[in-house]
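Now for the letters of each chain:
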Amino acid sequence: MAFLEVHNLTKDFGGLRANSNITFSMKRGELIGLIGPNGAGKTTLFNCISGLHPVTSGGIIFDEEDITKLKAHKVAQRGLARTFQVYAASGDLTVRENVMVGCFMRTHLRSRAKARATEILENLNIGDTADYLVNELPVAAQKRVTMATAIASDPKLLLLDEVAAGLNPNEIDEIMASIKHVHDDMGITVMLIEHVMELVMKISHRVIVLDYGEKIAEGDPEAISKDPRVIKAYLGERYVQEHGGMEESKE
């Protein structure tokens, strides 16, 4: 049985259709990439799945429960956490205290939340930043704090929204290692939105592609990288040429 099922999900904002009849499912333990051009509806889809936006039509089943109409805090209680493109950390709290906010989803004890936050920061190799303010950290470290805060709620499924954006190649390698650690070692199912294709194609089991609010392709990374629809809508011929060994697309 699928761990997450999205059935014919449609989201309208007035006269604008951001998501149109999107259907997919994922198994527990998968790592799925969600890609597409800017404005394709990727973050809107995450917002609908996580309960931030009500869906216009369609349904969402998570861990055998219909969560379609649940508010965001109720979805989080069920074990679904997500990050945002812009991390809204509290400026007067330390890194550890920000992560503790996530911990309070599962405990009311400050001592337990502090211990758990410290453990998570160590797990993500940013334990030495615990007493800094988030805005004192470089962008790459801030990205891992976003992950740490989401992980602190003890999720079964983690939605990551562009955690590699703005990073240099070495930092991308580090964040990729962190994502693999969260998935492989911590046992958290992951779905990620990302424009850094080297990251998506290296770690994803499957890739889903959106364009103009519709799902245009789904498959393993190699198949997606050769799909003429995906090349035309998003990847471009240059990507195919630079990542050789891929067959020329045909219209």
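It should be noted that the structure appears before, not after, this text.
Note that the structure is a prediction, hence the values are computed from the model and not measured.

1. Quick notes on the overall build of the protein chain
No. 1: Scanning the protein chain from terminus to terminus reveals 9 helices and 10 strands.
No. 2: Taken along the three principal axes of its C-alpha coordinates, the protein chain extends 60 × 40 × 35 Å.
No. 3: Contacts spanning at least 24 positions in sequence make up 63% of the contacts within the protein chain whose residues lie at least 6 apart.
No. 4: Approximately 12100 Å² of the protein chain is accessible, and the part contributed by carbon and sulfur atoms is 49%.
No. 5: Here the protein chain holds 28 positive side-chain charges and 35 negative ones, and the gap between their average locations is 6 Å.

2. Some remarks on the pairing of strand β4 (residues 57-62)
No. 1: For strand β1 (residues 4-13) and β4, the ladder comprises 5 bridges, and the chain directions are antiparallel. Opposite His7, over in β4, you have Gly59 as the bridge partner.
No. 2: Both β4 and strand β5 (residues 65-66) contribute to a ladder of 2 bridges, which runs antiparallel. Paired with Phe62 across the bridge in β5 is Glu65.

3. Some words on the sheet that holds β1
No. 1: Spatially, β2-β1-β4-β5 is the arrangement adopted by the 4 strands of the open sheet, whose pairing is antiparallel. Edge positions in the sheet fall to β2 (16-26) and β5, since each has one partner strand and no second.

4. Focus on unusual backbone geometry
Backbone phi values are negative for most residues with the exception of glycine, while trans is the configuration of most peptide bonds.
No. 1: Even without being glycine, Asn8 reaches a positive phi, approximately 45°.
No. 2: Mapped onto the elements, Asn8 comes out in strand β1.
No. 3: When its relative accessible area of 44% is taken as the criterion, Asn8 is described as partly exposed.
No. 4: Here Asp154, not a glycine, exhibits a phi torsion of approximately 60°, which is positive.
No. 5: Checked against the element boundaries, Asp154 lands in the loop between α5 (139-151) and β7 (157-161).

5. Quick word on the pairing of β2
No. 1: Here 7 bridges tie β1 to β2, and the two strands are oriented antiparallel to one another. Note that in β2 the partner of Leu9 across the bridge is Ile22.
No. 2: Between β1 and β2, which pair antiparallel and follow one another directly, the connecting turn spans 2 residues, one of which, Gly14, has a positive phi of 65°.

6. Some remarks on the pattern of salt bridges
A side chain of one charge can pair with a side chain of the opposite charge if their charged atoms are brought near each other.
No. 1: Applying the stated criterion across every chain, the model contains 15 salt bridges.
No. 2: A salt bridge links Arg206 to Glu218; the shortest N-O distance between them is 2.2 Å. Of this pair, Arg206 sits in strand β9 (residues 206-211) while Glu218 sits in strand β10 (residues 214-219), and the two are 12 residues apart along the sequence.
No. 3: When its relative accessible area of 18% is taken as the criterion, Arg206 is described as buried.
No. 4: Given a relative accessible area of 33%, Glu218 falls into the partly exposed group.
No. 5: Salt bridges sharing partners connect three or more residues here, namely Glu30, Arg206, Lys215 and Glu218.

How each quantity is defined
- Residues numbered from 1 in each chain as written.
- Predicted model: local features only at pLDDT ≥ 70, side-chain atom pairs only at ≥ 80, totals over all residues.
- Heavy atoms only, no water.
- Helix = DSSP H or I, 4+ residues; strand = E, 2+ residues; numbered from the N terminus.
- Contact = heavy atoms within 4.5 Å.
- Areas by Shrake-Rupley, 256 points an atom, 1.4 Å probe, with all protein chains shown as cover.
- Lys, Arg positive; Asp, Glu negative; His and termini not counted.
- Charge placed at Lys NZ, Arg CZ, Asp CG, Glu CD.
- Pairing = 2+ DSSP bridges.
- Buried < 20%, exposed > 50% of the residue type's maximum accessible area, 1.4 Å probe, protein only.
- Salt bridge = Lys/Arg side-chain N within 4 Å of Asp/Glu carboxyl O.

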